[in-house]
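# Observations on chain architecture
Residues per chain are reported as follows:
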There are 2 protein chains.
Amino acid sequence: MYVLCRRHTFQVENSAPKMTENAVFSQNKVLTIDTMNPNVKNVEYAVRGPIVQRAVQIEKELREGVKKPFTEVIKANIGDAHAMGQQPITFFRQVLALCSYPELLKDNMFPEDAKSRARRILQACGGSSLGAYSASQGIDCVRQDVARYIERRDGGVPCDPDNVYLTSGASDGIVTMLKLLVCGEGASKTGVMISIPQYPLYSAALAELGAVQVNYYLNEEKCWSMDLSELERSLAEARKHCNPKVLCIINPGNPTGQVQSRQCIEDVIRFAAKEHLFLMADEVYQDNVYAEGCQFHSFKKVLFELGPQYSNTVELVSFHSTSKCYMGECGFRGGYMEVINMDPEVKAQLIKLVSVRLCPAVPGQALMDLVVNSPQPGEPSYTTFMKERTTTLSLLAEKAKLTEEILNTVPGITCNPVQGAMYSFPNISLPQKAIKEAKALGQAPDMFYCMKMLEETGICLVPGSGFGQKDGTYHFRMTILPPTDKLKLLLAKVKEFHQKFTRQYS
Amino acid sequence: MYVLCRRHTFQVENSAPKMTENAVFSQNKVLTIDTMNPNVKNVEYAVRGPIVQRAVQIEKELREGVKKPFTEVIKANIGDAHAMGQQPITFFRQVLALCSYPELLKDNMFPEDAKSRARRILQACGGSSLGAYSASQGIDCVRQDVARYIERRDGGVPCDPDNVYLTSGASDGIVTMLKLLVCGEGASKTGVMISIPQYPLYSAALAELGAVQVNYYLNEEKCWSMDLSELERSLAEARKHCNPKVLCIINPGNPTGQVQSRQCIEDVIRFAAKEHLFLMADEVYQDNVYAEGCQFHSFKKVLFELGPQYSNTVELVSFHSTSKCYMGECGFRGGYMEVINMDPEVKAQLIKLVSVRLCPAVPGQALMDLVVNSPQPGEPSYTTFMKERTTTLSLLAEKAKLTEEILNTVPGITCNPVQGAMYSFPNISLPQKAIKEAKALGQAPDMFYCMKMLEETGICLVPGSGFGQKDGTYHFRMTILPPTDKLKLLLAKVKEFHQKFTRQYS
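Residues numbered from 1 in each chain as written. Chains lettered and ligands numbered in written order. Predicted model: local features only at pLDDT ≥ 70, side-chain atom pairs only at ≥ 80, totals over all residues. Heavy atoms only, no water.

### What about the packing of helix α6 (residues 112-123) of chain A against helix α15 (residues 362-372) of chain A?
All names here are of chain A.
- Remark: α6 packs on α15, axes separated minimally by 11 Å, with the N-to-C direction vectors making an angle of 130°. Taken together, the axis directions place α6 and α15 in an arrangement best described as oblique. Regarding α6 and α15, the two cross each other, and that crossing is right-handed. Residue-level inspection shows Arg117, Arg120 and Ile121 of α6 in contact with α15, the latter providing Ala366, Asp369 and Leu370.
- Looking at the contact of α6 with α15, its residues break down into three nonpolar, no polar and three charged. (Axes fitted to C-alpha atoms, helices over the stretch in contact; angles between N-to-C directions. Helix = DSSP H or I, 4+ residues; strand = E, 2+ residues; numbered from the N terminus. Parallel < 35°, antiparallel > 145°, perpendicular 65-115°, else oblique. Left-handed = near helix turned anticlockwise from the far one by under 90°. Contact = heavy atoms within 4.5 Å. Nonpolar A, V, L, I, M, F, W, Y, C, P; charged D, E, K, R; others polar.)

Put into structure tokens, the structure is as follows:
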């Protein structure tokens, strides 16, 4: 009944016989690749890029019975804990069920602390329903709970709930802040300093906003640490062609897994103060610290410990989320940001900006509340909660160690310790012949490597080129999330593949 | 311990004794009102603007015991059904509870159809958890259910799930589409045609993107209908200074409550085809049609009924949401958009763009699924579901009629029939003296009127100036959502206030 191509076929036949169908098809359209927003075209996001698209295709082929040298695709490309089998925290889900269907409050199957948390959240919702819009900045009592959590975490450094904004995951907050900060044209265009390797949300958001991405390189030889001299080099370079205003840090690091020392954070804050830079601290992995001797230091706490000269002046925003740590609740898109020393007029603008999108999803706000207001000693859910939390974090620590150890047994692979976060980012030596073949195909050499690994083993990784890396070095990012047995199998397969690949191209 | 103003006070005393504290405070900052993104500064969003901020303040004052001529603030400013006491659909919330805490699947308290829906949704989630990321375009089976819903709604016009994108409410989809469409500078800058009065998300998104807002006026005399001649006028005018590429329609209308006739939709589609415009149809109120003789016609269905000359060429995107209709589940931020005749290369760009933000919140996706795949005859929850749905929609129809009738009894207020959606948008006559006083205060006259009404009665409305209106006319938007008794009281208060206001300024 609905012939979708009639007119367009007609035109191919009559007016432009040599053009491809697609070209004519596009020519008539309002929105084409040539007329669309060029900033969007410049966006790249490797974590869900071509490798992952091919992985989805292969999964479909497997279901359709296509023969492969493997029986399943293992997606180690993204920090998606539940998809890898991590179980949700029982208490969180009980409260969310109670909030979703408050009839359950009459039931005896739920512990009292879960019920009282649910009642408290519902009371703060319009019409006592998760279905009402919240204030655009987030539910009041949730922001209060976040503030108290931050104060506990930072040994009493005060936190004003007015400085807390609930967000849809950390990504939403990061993009919102960049939106406020980015402006200008030509040499006065805002430059934003990001670590290389970086999490590609940053480069994608900067491309979309038309900002200048200013790269500073982490020091792979020193366990991906941040060197002050490199920050200085990068900034001086950038000042030649743009107006660098923002310095972004991810700690613990993604994709690089390092945990910053207190000294390093102090240095960064002093640098920002001296160079008049706005600090953005992505601290979503704050509970994911595994290596002995490493500890999470929040930028906020260190800032305040440096004294009023810094704590009254340096502008800082810190991001957190429900998606990582021991929760891994990515699907709920919960998160918050805390702004420090933000100009009051700009805060009013920020509130206006977030109000256009009405509010972050309320179930995600509720979940964020539970994370910052988890069961306390003496409450009925405390023991189970602590057991679940500890088990998940210990397993992650074990898998971080295991990943580093096994990868370092492979000749041609060098892996820094996975001190924190959820990823290893090993350096891989690729034979010249492979590099040449990749270049002939127009592919980054580590993309070529990862694509081949996917086709031959079913393992889905993200090439280092998707995060940025020093010229001439190659890496991949692999999550440490699969269950221990599967992770061992996966690492064995990676090892075998790497050896075969090296032989094949030597 | 932490003195927040020391350095800045120091500077006030020493270096710039005549500047205000705030100015010095700002001068030292990286991010100030002067250095921030000017596009964000241009954003306005009246639905949560100054009136609403004052309403929140007044609520606080009431709680603190400040005496007022009223005891509560009635927020009739926003289409927030649950906050106004509308009850959620039992079936939806049962399934959401089951998905949140799957242990409940073992329980006998839930009907079998709720359990089977929950199992189906969980099976489609990574690790069978709402906590896993979904595909960026949305969960496959939800998009399939959306496609089947659209086909049923549109009498069999086919819908390809690949054209369906799940979103965080409709706002997210609208902003995403505008992001793709807007580009260019100067006279080649993209122009986007929007109705006046409009829903201020559109003007806000256009300001943020730096696009040209092209106004076409709805005809208040003909029940806010769309006139072809006005579209032509507006387009011709716009072509003198920008590149108009997009035509946005809200049907049923927000804030104006009209329901477009089939003929009018045909005219608009023919106009778009002739003038080479991309159509954006905001159809979030598709179930909210109350007036006799009125019916919802989707742009998609009419497009296909116009024959292949149109259905193969006109580019259309339609938006829907879980927030309105009989559901009113605003807090879950569920929604979808369907794109028709979109260039395949642009679709790839769209998928890339949405992947940067990972995915819409999964509970909202689950809820969207339930809306498009609600209980069917013969299923255990069917009777209750239909009863709840019908009750809500009949009550809304009754309140739409009631609002129109009572407002039209007030001399100086003229209200078009509320044919659909959730708002009345009456025309108010304001005395010259009031207009003069407002202008002296630098306020829009209807802002002055609404602010006064809030202070004197506790009723929170949005002034027409926040949506746009013909010069010299004044309006307010009021939701029809309060419970019938409260709505009657509210309308009586509005009547009384208007009469008093008119007397006072005559």
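### Here's the deal with the domain arrangement of chain A
- Parsing chain A into structural domains produces domain 1 (6-36), domain 2 (46-85 + 389-504) and domain 3 (136-372).
- Computed over C-alpha atoms, the centres of domain 1 of chain A and domain 3 of chain A are 46 Å apart. (Domains from an automatic or database assignment.)

### Things to note about the sheet that holds strand β10 (residues 423-424) of chain A
- Pairing is antiparallel across the open sheet formed by three strands, whose spatial order is β10-β14-β13 (chain A). Single-partner strands in this sheet number two, and they are β10 and β13 (462-463) of chain A. (Pairing = 2+ DSSP bridges.)

### Focus on the packing of aromatic side chains
- This model, assessed by the stated rule, comprises 28 aromatic pairs over all chains.
- Seen in terms of ring centroids, Phe92 of chain A and Phe385 of chain A are 5.9 Å apart; in terms of plane orientation they differ by 45°. Their pairing is tilted. Of this pair, Phe92 of chain A sits in helix α5 (residues 90-100) while Phe385 of chain A sits in helix α16 (residues 382-407), placing them 293 residues apart in sequence.
- For Phe92 of chain A, a relative accessible area of 0% puts it in the buried group.
- Three or more aromatic residues joined by ring pairs form one cluster here, namely Phe448, Tyr449, Phe476, Phe497, Phe501 and Tyr505 of chain A.
- A cation sits over an aromatic face here: Arg477 of chain A above Tyr423 of chain A, 3.9 Å from the ring centre.
- It is Lys300 of chain B that lies over the ring of Phe304 of chain B; its NZ or CZ is 5.7 Å from the centre. (Phe/Tyr/Trp six-rings, centres within 6.5 Å; stacked < 30°, edge-to-face > 60°. Buried < 20%, exposed > 50% of the residue type's maximum accessible area, 1.4 Å probe, protein only. Lys NZ or Arg CZ within 6 Å of the ring centre and 35° of its normal.)

### Some thoughts on the interface of chain B and chain A
- Counting residues at the interface gives 104 residues for chain B and 105 residues for chain A.
- Across the chain B-chain A interface, the total number found is four salt bridges.
- Glu208 of chain B is the salt-bridge partner of Lys179 of chain A, the closest N and O atoms lying 2.8 Å from each other.
- Taken together, chain B and chain A are joined by 46 residue pairs in polar contact (both at pLDDT 80 or more).
- With eight residues, helix α14 (residues 344-356) of chain B is the single largest residue contributor to the side of chain B that touches chain A.
- Taken together, the residues that form the side of chain B that touches chain A break down as 55 nonpolar, 29 polar and 20 charged. (Salt bridge = Lys/Arg side-chain N within 4 Å of Asp/Glu carboxyl O. Polar contact = N/O pair within 3.5 Å; in protein donor to acceptor, adjacent residues only side chain to side chain.)

### What about the environment of Pro417 of chain A?
All names here are of chain A.
- If you trace the backbone, Pro417 turns up in the loop between β9 (413-414) and β10.
- Note on Pro417: relative accessible area 30%, which makes it partly exposed.
- Remark: the alpha-carbon pair of Pro417 and Thr403, spanning 14 residues in sequence, is separated by 8.9 Å.
- Here Pro417 is in contact with Cys223, Gly257 and Glu404, once residues within four sequence places are set aside.

### Considering the UniProt feature "domain: Aminotransferase class I/classII large" (unreviewed entry) in chain A
- The UniProt record marks residues 110-490 of chain A with the feature "domain: Aminotransferase class I/classII large" (unreviewed entry), using the residue numbering of this structure.
- Split by type, residues 110-490 of chain A is 43% helix and 15% strand. Its first and last C-alpha atoms lie 39 Å apart. (UniProt positions renumbered as here; feature names shortened; annotations may be inferred.)

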